[in-house]
Amino acid sequence: MSDALEELEQLLPSIPAAVERQRVGAQLDRVNAKVGDFSNVTAKFTIIRSVAALIDFYDENIAEMREAALDAGRLLKEAFDESTLDLAGRSYDDLKTAISVAERSTRGQWRTVVTNEYRPIAVVGALLQRFGDTLDIGRRMVALAERADRSTALSITELPAEIAALASDRTKLEAEKAGMTKNGEVDDFLTKLAAGKATLSSVTPSVFSWLSEHDALDQLGVSPR
């Protein structure tokens, strides 16, 4: 896809000379005015693709944005008279519309990721904050979840770096949590608890012992599914 965009960018400077020979200066001026924000449009296109890749997201809106970019490139390349220039200009407008739709879709998916994967971390963090030996990591887990929540309000240009940083910090915290418990069953229980999937069968003797040692038995409730 980046190759297609690079080709499109390389083609733009050659359009004026080609259409001037066809004596369609007025239409050319209108098309040139349309593509005056080309750098911003292609930058946003690239950023949206980057965010989508970071959260492993691909839907019909991303696909349509890609197709709109290919169409705009093809029509700009083939423009040679007033009619084809008009088509090229309209295809560029369609590309910008497709990019806006894809941005909304991608941002919506990121909000879903935050809800499903980051907010639950605060559940475990809140529990760990109550124990002296896990207070610090508990605070940091809650802070990570809160930071992820705030990221949903960032501009699209800020999102790629923040998403990557959040994922990196999350991986480090998960590894630290596993090293802290030094018990696979406890770590598995905490993971399920964060995801809202912990059941009575998750409370193995080892988990029960760990919770008891931390006086956490009264801090967890039981309810039917």
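The structure we're discussing is the one just above.
For every chain, the first residue of the written sequence is number 1, and numbering continues from 1 onward in sequence order. At least 70 in pLDDT is required for a residue's local features to be given in this predicted model, at least 80 for side-chain atom pairs to be given and counted, and no such filter applies to totals for whole chains, interfaces and linings, which use all residues. Just so you know, side-chain values use all the structure's heavy atoms and leave hydrogens and water out.

Undergrad: Looking at this model, I keep getting lost on the overall build of the protein. Mind explaining?
TA: When you go through the protein residue by residue, the secondary structure sums to 10 helices and 0 strands. In this scheme, a residue with accessible area under 20% of its type's maximum is buried, one over 50% is exposed, and one in between is partly exposed, where area comes from a 1.4 Å probe on protein chains only. Put simply, the protein has 225 residues, and 39% of those count as buried. Any two residues whose heavy atoms approach within 4.5 Å are treated as being in contact. Pairs at least 24 residues apart make up 68% of the contacts formed inside the protein by residues separated by at least 6 positions. Just so you have it, the protein exposes about 12,400 Å², and 50% of that area is on carbon and sulfur atoms. Comment: elements are numbered from the N terminus, with helices defined as DSSP H or I runs of at least four residues and strands as E runs of at least two. Each accessible area is a Shrake-Rupley estimate made with a 1.4 Å probe; only the visible protein chains count as cover when residues are assessed.

Undergrad: Help me out: how do you make sense of helix α4 (residues 38-54) in this one?
TA: An α-helical turn contains 3.6 residues, so a residue and the one three or four places further along point in the same direction. Multiply 1.5 Å by the residue count of a helix minus one, and that product is the helix's expected span. With 17 residues, α4 extends 24 Å from end C-alpha to end C-alpha; this agrees with the ideal 24 Å at 1.5 Å per step. Along α4, the residues that are buried comprise F38, V41, T42, F45, I47, I48, V51 and A52. Directly beyond the C-terminal end of α4, a positive phi value near 55° is found at D56.

Undergrad: Is there a simple way to explain the packing of aromatic side chains in this structure?
TA: Aromatic rings in a pair are described by how distant their centres are and how their planes are angled relative to each other. Stacked, tilted and edge-to-face pairs are distinguished by plane angle, under 30 degrees for stacked and over 60 for edge-to-face with tilted covering the rest, among Phe, Tyr and Trp rings (Trp via its six-membered ring) whose centres lie within 6.5 Å. With the rule as written, the count across this model stands at 1 aromatic pair. Whether a charge sits over a ring depends on NZ of Lys or CZ of Arg being within 6 Å of the ring centre and within 35 degrees of the ring normal. Between R170 and the ring centre of Y118, over which it is positioned, the NZ or CZ distance is 5.3 Å.

Undergrad: Help me understand the pattern of salt bridges, please; the structure alone is not making it clear to me.
TA: It is possible for side chains of opposite charge to pair when their charged atoms get near one another. The working definition used for a salt bridge is a side-chain nitrogen of Lys or Arg within 4 Å of a carboxyl oxygen of Asp or Glu. Going through the model one piece at a time under the given rule, you end up with 12 salt bridges. Put simply, D136 and R140 hold a salt bridge, and the shortest N to O gap is 2.9 Å. Taken together, the residues span about one helical turn, with D136 and R140 both in helix α7 (residues 135-151) at a distance of 4 residues. Connected via shared salt-bridge partners are D136, R140 and E176.

Undergrad: Could you clarify how one ought to interpret the packing of helix α6 (residues 82-128) against α7 in this entry?
TA: Interhelical geometry of α6 versus α7 gives an angle of 160° and a closest axis separation of 7 Å. Taken together, the axes of α6 and α7 lie roughly antiparallel to each other. Handedness of the α6/α7 crossing: left-handed. Two secondary-structure elements touch here, α6 through W110, V114, Y118, R119, I121, A122, V124, G125, A126 and L128 and α7 through L135, I137, G138, M141, V142, L144, A145, A148, D149 and S151. What counts as an axis is a line fitted to C-alpha atoms, over the stretch in contact for a helix, and the angles between N-to-C directions run from 0 to 180 degrees. Roughly parallel refers to an angle under 35 degrees, roughly antiparallel to one over 145, roughly perpendicular to one between 65 and 115, and oblique to any angle outside these ranges. Left-handed describes a crossing whose near helix is turned anticlockwise from the far helix by less than a right angle; the clockwise case is right-handed.

Undergrad: Honestly, the nonpolar core in this entry has me stumped. Any pointers?
TA: In globular proteins that are soluble, nonpolar side chains generally tend to be buried together. Counting residues in hydrophobic clusters, the biggest one holds 46 residues, and the most contacted among them are L95, W110, Y118, L128 and L190. Of all elements in the fold, only α4, α5 (60-78), α6, α7, α8 (159-181), α9 (184-194) and α10 (205-213) reach the threshold of two or more residues within this core. When residues of this core are assigned to their parent elements, the largest contribution, 13 residues, is made by α6. Not counting residues within four places of it along the chain, the set of residues in contact with Y118 comprises W110, V113, L144, A145, A148, L166, A167 and R170. Think of a nonpolar core as a cluster: buried Ala, Val, Leu, Ile, Met, Phe, Trp, Tyr and Cys residues, connected wherever their side-chain atoms sit within 4.5 Å. Core analysis: the next-biggest nonpolar cluster, separate from the first, contains 5 residues, L75, L76, A79 and L85 among them.

Undergrad: What is the right way to look at α6 in this model?
TA: Across its 47 residues, α6 extends 68 Å between first and last C-alpha, which sits within 8% of the 69 Å expected from 1.5 Å per residue. At T115, α6 shows its largest bend, some 35°. One fitted axis covers the seven residues ending at a residue, a second covers the seven starting there, and the bend at that residue is the angle between these axes.

Undergrad: What am I meant to see in the environment of S50 here?
TA: Note on placement: S50 falls in helix α4. The exposure class assigned to S50 is partly exposed, which follows from its relative accessible area of 29%. Separated by 109 residues in the primary sequence, S50 and L159 place their C-alpha atoms 9.2 Å from one another.

Undergrad: Looking at this structure, how should I read the side chain of T134?
TA: Here T134 is to be found in the loop between α6 and α7. Look at T134 and you get buried, because its relative accessible area is 1%. Those residues in contact with T134, other than ones at most four positions away along the chain, are L128, Q129 and M180.

Undergrad: When you look at the packing of α7 against α8 in this model, what are you seeing that I'm missing?
TA: Any two packed helices are characterised by how steeply their axes cross, that is the angle between the axes, and by the distance between the axes. Packing of α7 against α8 leaves a shortest axis separation of 11 Å and a crossing angle of 160°. On the basis of the axis angle, α7 is roughly antiparallel to α8. As α7 runs across α8, the sense of the crossing is left-handed. Note on element contacts: α8 touches α7 through L159, E162, A165, L166, D169, R170, L173, E176, K177 and M180, opposite I137, R140, M141, L144, R147, A148 and S151. The classification used treats Ala, Val, Leu, Ile, Met, Phe, Trp, Tyr, Cys and Pro as nonpolar, Asp, Glu, Lys and Arg as charged, and all other residues, Gly among them, as polar. Here the residues of the contact of α7 with α8 are counted per class, giving 9 nonpolar, 1 polar and 7 charged.

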